[in-house]
Amino acid sequence: MIDLKNIFKYYNHKSQREYILKDINLSIKEGEFVSIMGPSGAGKSTLLNIIGLLDGFNEGEYRFFDTEVATLKEKKKVDYHRNHIGFIFQAYHLIDEMTVAENIETSLVYKGIKRKERQAIVADLLDRFNIVGKKDLFPAQLSGGQQQLVGIARAIASKPNLLLADEPTGNLHSSQGKMIMEVLKELNDEGTTIIQVTHNNVFANYGKRIINLLDGRIEKAE
Amino acid sequence: MITQYIKIAWRNLWRNKLSSSINIVGLAVGLGTGILAMLYSYNEMNYERCHNNANQLAKVITYGNFGAFRQLPTTFPQAAFDLPEQFPEIKNAVRVKRISNNQVVVFRGTEPILENNFLLTEANFFEMFTYTFSEGRYTGEANTIILSQSMASKYFGTQNPIGEVLKIEIFGNIFHLKLEAIYKDLPNNTLVNSPAIMSWSVAKTLFKERRGYSDTGFDVYCQMLPNYDIKKLNTKIVADYKPSTQLDDFHIALMPIKDFHLKSTFENNSANLYLLFIGGLIALLIAIFNYINQSTIQYSMRTQEVGIRLSNGGGRKDIFMQFMVDTFLTTSLAFGLSLMIISTVLPYFNQLLDTDISLNAGLSPKLIVIALFGLTVLLSGFYPAVVMSKVKASLLLKSMISPNLRKSRMRNVLTTVQFVFAILLLQIMIVSQRQGEYMFNSDVCGFNADNVIAINGYKWGDLNKIKTELLRNTSVEAVSWGQNMPAMHTNMTRSWNGPNNQRMANIFKCEPDFLNVFNIEIDKGRFYRRDNVADRSDGVVVNQLLVNALAWDDPIGKSLRVWGQKREVIGVVSNYMAAPPIFEETPLIIMPAGNQSQNLMILVNPNNLKDAHQHIELVLKQANPNYPINLMYYNEIADELAKTFISTATIVNAFVIVIIFNAFLSLFGLSHFIVERSKKQIGVKKVMGASVINVYWELSKSFVIRFVVAFAIITPLSYLFSVQYLSTFSRQLPLTADIFIQSGCMVLVMIALATGYKIIRTALENPVKALRYE
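Everything quoted here is computed from the prediction, not taken from an experiment.

Which residues make up the interface of chain A and chain B, and what are the values?
Counting residues at the interface gives 28 residues for chain A and 28 residues for chain B. Each partner contributes to the roughly 2,500 Å² buried at the junction of chain A and chain B, and carbon and sulfur atoms together form 55% of this total. Together, H93, E97 and Y110 of chain A form the three largest contributors to the area buried by chain A at its contact with chain B, with a combined 30%. At the boundary of chain A and chain B, one finds six salt bridges. E74 of chain A is the partner of R316 of chain B in a salt bridge, and the nearest nitrogen-oxygen pair spans 3.6 Å.

The structure is reproduced here in structure tokens:
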């Protein structure tokens, strides 16, 4: 599903070159649950962005579903975002001006799904995460854990094969964090491939595989 | 999807009330100005469209040497006979006389009322021009009149007035005219707009010369065959048609009536049109710049949202559309507000410019308004939407989410452009205002017309008697009469100083007390004396310019030929300005007036105006009870005459206010945002020991620098522009540096006001509070 070969990512500062990622080789199969760990500035988020087609890279080869990403058209990328990739963020990143229900249906709207159908999907998700009563509230009116549930609901609304979670529990206290991890595990059990970035050793172990990143290199891969 | 965009846009609007209202108000004012300017331009460019035959109609204008003028908008009546006879292209021609200058007195019962602009014409006039009759039937029989609807209701109310007889007095002749028909009021944008049209028989009484070549005061309109070529026709007329007169270089030509309003030299209408058209567009453009500035700043808070949308499958196009919808919503609200502003302002605007513009006038004006709205949405929304659609999604996932206000070249340029226009317009405004005050300052123009009442009328009898009567009341300080009033008289002649004289002089008759009424000073010699008979028969008073022209060392006692008669110079007046300020200064000859005149001038005591008014009305009513008393102050009349000047100045001032207002809003919004974003920075600096002044300078420095750049760019241009403008006046304001410094200071004060409040308030806050902010 995901095949990274000799990926380099750097910025040029005047005459100096600052490497963010150095020679990353990684392949992830469908249905896996991978945790990426490492200290701040190790390049975890950048790696996730590259995998999620939000950021480019300077050297190397990345095959996503057997397509070469470097030659991918913008339109195809948009299509992947609509149908195949879901994102979960540390800071939830809900849109403040939209209600819970509207946030969840964001990608469905872009996919052009009809209102009735969207409502049905949203209702299912609200039900699944027990937040039916919060449907018409704005993000600011929810607790952190609830916001992250909405974030997950939004990410899986269009039934993606790949879920990318950038420190999904980073802003939550442990009991809420644990709840979120349980939800991710459940999704993985249902067949969704999950890649998460985390600092937390306990939560990292939810993953079936842990990759340690240090200074842009893969230190240790289990 | 669109409904969701609108919903989000609406919620964002509500959440950022301050910046939203800045955007809406700014755009509304800009749009309002733009729409008004476009409607005005439309009105101006559609002169005479109300006549079905407008394309075939032309007015005869006359070329020749007429003293101060080389062209007349009127001609001699014979043209109406000769032209259709000699030139087959001309199908029809009609003579028209317009009675202006409040010379018509209409009696409503016994009450005399002054009316203006009545027309006298022949029956074929209505074959050429389009009038719609709502009641009665026009025949043009002797002693008949037709009225416009508004005129009919003024005199007859709601009753059916057809067949009623109106008593009318013109130049002392009484007419009893039967009302034949009533026509729908014409729009203001036609030459033949008139409240009443009288049958040609009235002209037979009033004007002896209804054919021939000597009276050039007739309007002659011609109707041509369709598809005529005006240039060929005019060439033919100039070459083949020689009116039999003594004047050299005398000929006539046709001017299509559709060109008359904007392209003729008689009316300076194109200047106003350009001024309004360009000014309106600039005001709108500035408002759009303002919007682009504000919205890019505001949108920089929403980059995160864009990132989220991109990661959820939103395409660039979707993002672009979303932000265009955002602009569309704001502009729509602004549009609504601007329509409200326009409907409030329109009556004043129409009054100022003598137009009858309305928002509901036909389809084309509406289309113009809507097109302008669409253009505004596009121009204001495009750049911000493009910027947003180019946001990189990866920015979003960088650990901290604090979109910073990045430096933007575009914003720099837009702010500088705003300053440039603000400074330019302010400078023009100051120059035109000061020139207006300057030329009527008594030191400059040589007279003082404060508290002078001017009355026109006739059949007063011997004015010496009226003068004695008027002076009985102590509230009346001086009384005089003359051909005209200061700064209003242009009667240019070459018949002075011998037969070969080529120089023009302004010649003018007045009564001896004229100098006392207007406080005009005598430089040398003396003015006419009432009791001196010799003065009257062979004295003459001249101005210094005439003395210079003839290179006299001692003018008193020199002899001067005026109108073929030898006179002796008894005095020289100061630099008194006799002609309007837009006329070149000429030599001036003042002659003594007789006992009769239509223009009475009275200097009254300003502390006792009511008494004076009552006394004047009483005396004049006794002298001629059949003429309404039209009591007006010199300054009111001057304002009326200077109407174009005043309306132009008012328009410039309005633009200045609109543009300064927008610049102010933009600065206010910008500084507000900058301060909000740099609260922490301010806190840190204060902890490090920065004073309020330091902080203020730090944050407003960039504005001041842009101001200095704008000032340096525009001041030389504005100087050239002002020199050009002033050269149209006979007495010119000296251009001093303080004009430019003053405008600069005004803009600086505006900058300080717009940015100061928020910055200083934040700088005064406890830094600890600001540091806890994050």
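Account for the packing of helix 22 (residues 643-677) of chain B against helix 25 (residues 737-764) of chain B, with residues named and values stated.
Angle between the axes and distance between the axes are the two parameters that describe a pair of packed helices. All names here are of chain B. Where helix 22 meets helix 25, the axes come as close as 8 Å, and the angle between the chain directions of the two elements is 20°. Viewed along their axes, helix 22 and helix 25 adopt a mutual orientation that is roughly parallel. Note that helix 22 runs across helix 25; the crossing there is right-handed. Counting all contacts with helix 22, which are made through I660, A663, F664, L667, F668, S671, H672, V675 and E676, the residues of helix 25 involved are M750, I751, L753, A754, T755, K758, I759 and T762.

Describe helix 6 (residues 144-156) of chain A, and please don't skip the residues or the numbers.
Residues and elements named next belong to chain A. Its 13 residues give helix 6 an end-to-end C-alpha distance of 19 Å, which sits within 8% of 18 Å, the value for a rise of 1.5 Å per residue. Among the 13 residues in helix 6, 11 count as buried, and that is most of the element. Within helix 6, the full set of buried residues consists of G145, Q147, Q148, L149, V150, G151, I152, A153, R154, A155 and I156.

Describe the domain arrangement of chain B, listing the residues and the values that go with them.
You can read the domains of chain B as domain 1 (94-212), domain 2 (427-442 + 642-774) and domain 3 (460-626). Spacing between the C-alpha centres of domain 1 of chain B and domain 2 of chain B amounts to 55 Å.

Describe the sheet that holds strand 10 (residues 217-221) of chain A, and please don't skip the residues or the numbers.
Residue and element names in this part refer to chain A. The sheet built from six strands is open, its strands ordered 6-7-8-3-9-10 with mixed pairing. Edge positions in the open sheet fall to strand 6 (85-89) and strand 10, since each of these has one partner strand only. Mean inter-strand twist for the sheet, computed between neighbouring axes without regard to direction, equals 20°. Examined bridge by bridge, strand 3 (residues 33-37) and strand 9 (residues 209-214) share four bridges and lie parallel to one another. In the strand pairing of strand 9, V34 is matched with R209. Contacts from helix 7 (residues 174-189) reach strand 3, strand 6, strand 7 (162-166) and strand 8 (193-197), with the element oriented near 150° to strand 8.

Please set out the packing of aromatic side chains residue by residue, giving values where relevant.
Under the counting rule described, the total for this entry stands at 41 aromatic pairs over all chains. For the pair F328 of chain B and F373 of chain B, a centre-to-centre distance of 5.9 Å together with 65° between the ring planes defines the contact as edge-to-face. Here F328 of chain B, found in helix 11 (residues 316-353), pairs with F373 of chain B, found in helix 12 (residues 363-389); they are 45 residues apart in sequence, far enough to count as distant. Aromatic rings pair up to connect F125, F126, F129, Y131, F133, Y138, Y183 and Y221 of chain B into one cluster. Stacked on the ring of Y80 of chain A, the Lys or Arg K76 of chain A has its end atom at 5.2 Å from the ring centre. The residue whose ring lies beneath K97 of chain B is F207 of chain B, and the NZ or CZ to ring-centre distance is 4.5 Å.

Describe unusual backbone geometry, naming the residues involved and giving the relevant values.
Of note in this structure, L53 of chain A is not a glycine but carries a positive phi near 65°. Within the element layout of this structure, L53 of chain A appears in the loop between helix 1 (44-51) and strand 4 (59-64). Accessibility expressed as a relative area gives 6% for L53 of chain A, which makes it buried. In this structure, A551 of chain B is a non-glycine residue whose phi angle is positive, near 55°. Of note, A551 of chain B is situated in the loop between helix 19 (544-550) and strand 20 (559-562).

Explain the sheet that holds strand 2 (residues 16-28) of chain A to me, and be specific about the residues and the numbers.
Residues and elements named next belong to chain A. Pairing is antiparallel across the open sheet formed by four strands, whose spatial order is 2-1-4-5. Lying at the two open borders of the sheet, with one neighbouring strand each, are strand 2 and strand 5 (67-68). Running at roughly 120° to strand 1 (residues 2-13), helix 1 makes contact with strand 1, strand 2 and strand 4 of the sheet.

Here is what the cut-offs are and how they apply
- Residues numbered from 1 in each chain as written.
- Chains lettered and ligands numbered in written order.
- Predicted model: local features only at pLDDT ≥ 70, side-chain atom pairs only at ≥ 80, totals over all residues.
- Heavy atoms only, no water.
- Contact = heavy atoms within 4.5 Å.
- Buried area = accessible area lost by both parts, 1.4 Å probe.
- Salt bridge = Lys/Arg side-chain N within 4 Å of Asp/Glu carboxyl O.
- Axes fitted to C-alpha atoms, helices over the stretch in contact; angles between N-to-C directions.
- Helix = DSSP H or I, 4+ residues; strand = E, 2+ residues; numbered from the N terminus.
- Parallel < 35°, antiparallel > 145°, perpendicular 65-115°, else oblique.
- Left-handed = near helix turned anticlockwise from the far one by under 90°.
- Expected span 1.5 Å × (residues − 1).
- Buried < 20%, exposed > 50% of the residue type's maximum accessible area, 1.4 Å probe, protein only.
- Domains from an automatic or database assignment.
- Pairing = 2+ DSSP bridges.
- Phe/Tyr/Trp six-rings, centres within 6.5 Å; stacked < 30°, edge-to-face > 60°.
- Lys NZ or Arg CZ within 6 Å of the ring centre and 35° of its normal.

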